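# Coordinate inspection notes
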Amino acid sequence: MSLEKGLVSAQTQVPECVAAGYVDMSTGMLLAVKTLDSHPQEVLDLVAAATADLFQGSNVRAIEEMFKKRRGVTDTAHYFQEMVVFSTNLIHVFLRGKKNKDHALVLVCRASANVGMVISKSRMALPQVEASL
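What comes next is a walk through the structure. (Residues numbered from 1 in each chain as written. Predicted model: local features only at pLDDT ≥ 70, side-chain atom pairs only at ≥ 80, totals over all residues. Heavy atoms only, no water.)

## Structural notes on helix α3 (residues 58–71)
- The terminal C-alpha atoms of α3, which comprises 14 residues, lie 20 Å apart, in line with the 20 Å expected from a rise of 1.5 Å per residue.
- By the burial criterion, the buried members of α3 are V60, E64 and K68. Down the axis of α3, the sector holding all buried residues measures 75°, keeping them to one side. Exposed residues pointing more than 90 degrees away from the buried face of α3 are listed as S58, N59, M66, K69 and R70.
- Along its buried surface, α3 packs onto α2 (41–56) and β4 (90–96).
- With its phi angle positive at about 70°, G72 sits one or two positions after the end of α3. (Helix = DSSP H or I, 4+ residues; strand = E, 2+ residues; numbered from the N terminus. Expected span 1.5 Å × (residues − 1). Buried < 20%, exposed > 50% of the residue type's maximum accessible area, 1.4 Å probe, protein only. Arc of directions from axis to C-beta. Contact = heavy atoms within 4.5 Å.)

## A short note on helix α4 (residues 115–131)
- In a regular helix each residue adds 1.5 Å, so 17 residues correspond to 24 Å; α4 covers 25 Å between its end C-alpha atoms and thus fits that length.
- The largest bend in α4 is about 25°, located at A125, with the proline P127 one to four residues further on.
- Of all the residues in α4, the buried ones are V118, S122, A125, L126, V129 and E130.
- Where α4 is buried, its residues meet α1 (3–13), β1 (17–24), β4 and β5 (103–110).
- Backbone nitrogen of G116 and a side-chain oxygen of the N-cap are separated by 2.9 Å at the start of α4; the cap is N114. (Bend = angle between axes of the 7 residues up to and from the residue. Polar contact = N/O pair within 3.5 Å; in protein donor to acceptor, adjacent residues only side chain to side chain.)

Below, the structure is given as structure tokens:
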């Protein structure tokens, strides 16, 4: 299955999903996107950059290092695996890849969706999207 088909599958599984994207955070590139509406390329590029900042920005890395130090953790694993952002009309779900920690699945759903189902179905979609690479 192609990455685009993986995103279409994720979009159909996640309740009221209006957009799905897959980001390579090491390059800041949006590898693929599937949306119900068209969006300017500049907006899509900003989504990719914002995703990288959310998971790997300098402040986030500093917080992760503080947590590791306090808990005596010496590995290089990331603490932040998922983030959910609520905007006026949308729910934005960001999931760090399990197979590749520099990749992230981004799903955008209408705010009317059941948040628990959005998170649950998003988690279920991640392995399928990763397998499509």
